[in-house]
Amino acid sequence: MKSIRTRFAPSPTGYLHIGGVRTALFCWLFARKHGGQFILRIDDTDQQRNVQEAIAPILHGLRWLGIDWDEGPDVGGVHAPYYQSQRFDKYQAAVDELLRRGFAYRDFARADEIQAERDTAINEKRTFTYSRRWMAETDADAKRFESEGRQCVIRLKMPRTGELVIDDLIRGKVTFDWAAEQDHIIQRADGSFIYHLANIVDDEDYKISHVIRAEEHLSNTPRQIFMIQSLGYDLPEYAHLPFVAEPGSKTKLSKRKLDKYLKNKDFAKMVEHGKSIAQKIGIETTDDGFNPVIIEFYEKVGYLPEAIVNYIALVGWALDDKTEFFLMQDLIEKFSLDGVTKGAASFDPQKLMAFEEKHFLTKTAEEKIKYCVPFLEAAKIFPNENSEILGSLIEAAGDRIKVAGDILGFADFFATDNAVEFDEVAYKKRITDPKDAVNLLSQFRELLDKEEKFDRHSLETLMQNFVNEKSIKINDIIHALRVAITGKSIGLGMFETLEILGKKRVLQRLTRICD
RNA sequence: GGCCCCGUCGUCUAGCGGUUAGGACACGGCCCUUUCAAGGCCGCGGCACGGGUUCGAUUCCCGUCGGGGUCACCA
């Protein structure tokens, strides 16, 4: 049995798209599940200046998610190089072979001449088929065309009868008429190569057994199979994944349509949440990477990579009718192409956040601290003299911290006690307006001052006794107390807050109100 | 427009001829409650439509409609 080898082949675009993540993940899972190899190849046939710079975020993103590769950039491998830009000699050899075998030809048509033929076909409502009028069958032809000042591209001499049936692992049998296919260009006038040619040459060289890729490549498959067969290569298995769609739509998710997605309430909320964290740690939110379509976004804001993996695995794949929580190991064990859905699946920010919360909740206290510390440091509020409260703060916050960056919402716990900022509305409602608030706070402060045991339970008892004695309701004082201590009307449990801050700091904060 | 793919609650999905069509997220309500979350309970909500095939169709076939992908000297 042929060994399982899959590949993910990003172009050096400078970012890792969420749809790309899903494709990479499925390829990776399939390889790992079957004890095969996962290969990373860089599709940089249209040479750019800074390929290294443009692939860095992609490699980083994959690693962050826990997706590693057995062969590819950085790690090398027996089939190196893994950059298409460094493999032109192989492509040239393949083109020459195709030419030699008569499955490709030199074409001297100008772009406008091809376009004219195409327009005519459209006007006559028939499928466009190139006349091959400028096809050079002999060197003499070529010379003649050249003497007319024409340039030459290499085209595939595609079949014009019969049909092709692809047995796709996800879609089943898909039939194409050869007659509807074009004589696609495989080598440009400047000698550079087109992706499809490079793609099949590399897949053959790397011995890729399963081509698992997004659905948009399904209609490219006939021309690739034509080349594969013409060159006598082994045909890989194909599995065309549905693409990841926009929130609330079936259109392919795209990095460029951020403005459109922002009109989606849930998506906008996700971006806002991310921005509020980014601003606290001085991350630029206007650049391309700060976009939930790009994986960088999640790392910057403090999402857990395992939550992203868990969620994205479930966009277009399911194990059964109930299991939803998966760790990477579970996915490797359970993943199967049989479970892949056919229809496009929308990206749902709310569901992602639900997974994020679940995964964060399973973390130990130490792990949570480890995730949160870098954010506190980035916000320059850590370490400071109050550092020792971090553990108890995180514990008390519970699932109020869903992504690591959420810790910054509790920055006030580390603030200098007389520098806590008050929410104006809350201050007016809970402290200025109620006629007795300041008076009650002063009285309660005296009790706190005398209190020896400053733990949440003792404090609660203290409060209960206080309200009983005063014949007031706890509501009459506790909201004022919260605003006085934290500046806000919402927050952790009141007594936990007091305990975490400690007696000295609580009294100091209260002094600002009472004196 | 040609070719190809897809179509189960708002969203992600289970289902692979006989189910009260199941779960999750979201949403609504109630409970709990010092706020906000969380949690518990309950609820809302779906097989696109029309023909077949069959004793019986969400499931198989055809058509319609709808959505999407692709038609580059991009990948």
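Computed from a predicted structure; not experimentally measured.

Caption draft 1: Expanded view of the pairing of strand β5 (residues 153–156). Residues of β5 alternate between two faces, with Val-153 and Arg-155 on one and Ile-154 and Leu-156 on the opposite face, all of them buried. Pairing geometry for strand β3 (residues 104–107) and β5, over four bridges, is antiparallel. Counted as the bridge partner of Tyr-105 is Arg-155 from β5.

Caption draft 2: Molecular detail of the environment of Leu-98. You can see Leu-98 is positioned in helix α3 (residues 88–100). Residue Leu-98 is classed as buried on the basis of its relative accessible area, which comes to 0%. Distance in space between the C-alpha atoms of Leu-98 and Gly-232 is 10 Å, their sequence separation being 134 residues. Once you skip the residues sitting within four places of it in the chain, Leu-98 turns out to touch Phe-103, Ala-104, Leu-156, Ile-186, Leu-197, Met-227, Ser-230 and Leu-231.

Caption draft 3: Expanded view of the protein's contact with RNA strand B. If you check the shell around RNA strand B, you find 61 residues, and the closest are Ser-11, Arg-171, Arg-188, Glu-324 and Arg-400. The separation between a sugar or linking oxygen of RNA strand B and a polar side-chain atom of Glu-215 is 3.1 Å. Elements with a contribution of two residues or more to the surface near RNA strand B: β7 (172–177), α6 (195–205), β12 (345–346), α13 (349–361), α19 (475–486) and α20 (494–501).

Caption draft 4: Seen up close, the side chain of His-359. For His-359, the position within the fold is in helix α13. According to the relative accessible area criterion, His-359 is buried, its value standing at 1%. Among all residues touching His-359, those that are not within four sequence positions of it are Leu-304, Glu-306, Ala-307, Asn-310, Phe-325, Phe-326 and Leu-327.

Caption draft 5: Broad picture of unusual backbone geometry. Across the junction of Ala-80 and Pro-81, the peptide omega takes the value 0°, indicating a cis bond. Residue placement: Pro-81 occurs in the loop between α2 (51–65) and α3. Although it is not a glycine, Lys-207 sits at a positive phi angle of roughly 60°. Of the residues examined, Lys-207 reaches a relative accessible area of 52% and is grouped as exposed.

About the cut-offs
- Residues numbered from 1 in each chain as written.
- Chains lettered and ligands numbered in written order.
- Predicted model: local features only at pLDDT ≥ 70, side-chain atom pairs only at ≥ 80, totals over all residues.
- Heavy atoms only, no water.
- Buried < 20%, exposed > 50% of the residue type's maximum accessible area, 1.4 Å probe, protein only.
- Helix = DSSP H or I, 4+ residues; strand = E, 2+ residues; numbered from the N terminus.
- Pairing = 2+ DSSP bridges.
- Contact = heavy atoms within 4.5 Å.
- Near = heavy atom within 4 Å.
- Polar contact = N/O pair within 3.5 Å; in protein donor to acceptor, adjacent residues only side chain to side chain.

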